[in-house]
Amino acid sequence: MKKFLTVVGKLLAGISAVLFVITAVATLLLANLESQLFNMNLYKTALLEMNVYEKMPGLFGRILITSMSYNPCEQNPVTCEDIPSQLHQCYLQVLGSERYAVLASQQEEPTEAEKQAIQVCLNQFEQAPSQGEQGEGEQGGMPDYFKNLDEEDWQALMAIILPPEVMQTISESALDGFEAYLEGKVDAVTISLLPLKDRLSGPAGIAAVKQLLLAQPACTLDELARLLGGELALCNPGEMELDFILPLFQEAIDTLLGEAIPNTATLIQPASARPPSNNPGPFGLNDDPQKAIQVVRFVLRVSLLLPILFLFLLTIFAVRSLKGWLRWWGIPFFFSGSIALGLGMAAEPLLNRAWNQYIFPRFPAYLPAELASLGHDLLAYIAHALTERVVLQALLLLMVGLAAWVLSYFLKSRKTDKASQGKTTPEPNTPG
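Remember, predicted model here, so these are calculated numbers, not experimental data.

### Topic: unusual backbone geometry
Inference 1: In this structure, Asn51 takes a positive phi of about 55° despite not being glycine.
Inference 2: As for its placement among the helices and strands, Asn51 is situated in the loop between helix 2 (40-49) and helix 3 (52-69).
Inference 3: Residue classification places Asn51 among the partly exposed positions, given a relative accessible area of 39%.

### With respect to the pattern of salt bridges
Inference 1: Applying the stated rule across the entire model yields eight salt bridges.
Inference 2: In this structure, Arg301 engages Glu34 in a salt bridge whose closest nitrogen and oxygen atoms are separated by 3.1 Å. Placement of the pair is Arg301 in helix 17 (residues 289-302) and Glu34 in helix 1 (residues 2-37), with a sequence separation of 267 residues.
Inference 3: For Arg301, a relative accessible area of 47% translates into the label partly exposed.

### Observations regarding the nonpolar core
Inference 1: With 28 residues, the main nonpolar core has Val52, Leu162 and Leu378 as its most contacted residues.
Inference 2: Of all the secondary structure elements, the ones that give two or more residues to this core are helix 2, helix 3, helix 11 (164-182), helix 12 (194-200) and helix 20 (369-408).
Inference 3: In terms of residue count, the dominant contributor to this core is helix 11 (six residues).
Inference 4: Judged by nonpolar contacts, the second largest core, of 12 residues, contains Cys219, Leu242, Ile245 and Leu246.

Calculation rules
- Residues numbered from 1 in each chain as written.
- Predicted model: local features only at pLDDT ≥ 70, side-chain atom pairs only at ≥ 80, totals over all residues.
- Heavy atoms only, no water.
- Helix = DSSP H or I, 4+ residues; strand = E, 2+ residues; numbered from the N terminus.
- Buried < 20%, exposed > 50% of the residue type's maximum accessible area, 1.4 Å probe, protein only.
- Salt bridge = Lys/Arg side-chain N within 4 Å of Asp/Glu carboxyl O.
- Core = buried A, V, L, I, M, F, W, Y, C linked by side-chain atoms within 4.5 Å.

In structure tokens:
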């Protein structure tokens, strides 16, 4: 009976050891993910070390220029807006509803065979492109005076409006608000735009308007007369003339900017301001993202108890001596650390592969490649910060487990000690 209980105890201990390894690895990864992913200081440091604030004015210029000149209809006519119903039905017929949805959402580019099928539909309905263009024009777009700005003009304008120090202040304010939202201190995320308004209410506002007007066509005599008469006209009278005229419009510019820019901007609305969803989920979590995030974080923190529980069960079922304790703890510790170390070291290469295969090919074509590169660098920086702690902790767990496992071989069990003592005890001399 005793032997049977011993076998059952070791079997249960083995199961507990396997479960400890699984939960320890998962907990090590998830605990670091929870502590770092919701740490806004990580993102602040990443933005600073990647020089994002210095790069953004140039990127803004490229984004605005490419987005204004990009026409998705040329590459993929399925993405055009206001497609006539007959043309829409033709697309559905030749492509199928599922494939049409994929192409219309720009998740993938059409193949050569699909392009030919799409062209057949366009040939049947030649009026479709013009109607699409008409629909696009009716929706409005960027004013013409903004379209006169080239990439260098946009870069200079954004450098005036949002210099690195102002952009950093607004970004860090948003991150602080988001951190307070995650911790449940506030039910909404808002950022203050007062640093931007304060900047534009001074000489920077005049400089921005000057930069905008210098990119416009030369003033006609009528427009020049309007400028001299105290009415702001969107034309270029010349740099020297602007230096003389624009200070006269300081008050009007301040008023215009004050009305155009609010004091605050809401990034995340409170749950009470959102319409209820058709699928509220358990406990209404779908209607309240803040509550859902707090539940997830609570579950991640509570999960730390699972490996401790299995380690406790393992100890009860199997540990009977110092040697047994070192071995039954050392081996699971070693394998937990080894697996976590392998996963931590493989995370960055896997992320790069996923980026190259799945994310970058789906990056919008109208966005500059520099933005994709910057996004990849930021993601790699954050991933490195996450995996660095995992690797260090896994290495520590591995070394502790290995040391305990090796040390167990240098300790003798009680049975061995008794046996050795029995063999070395001298027999008493018997009288001859």
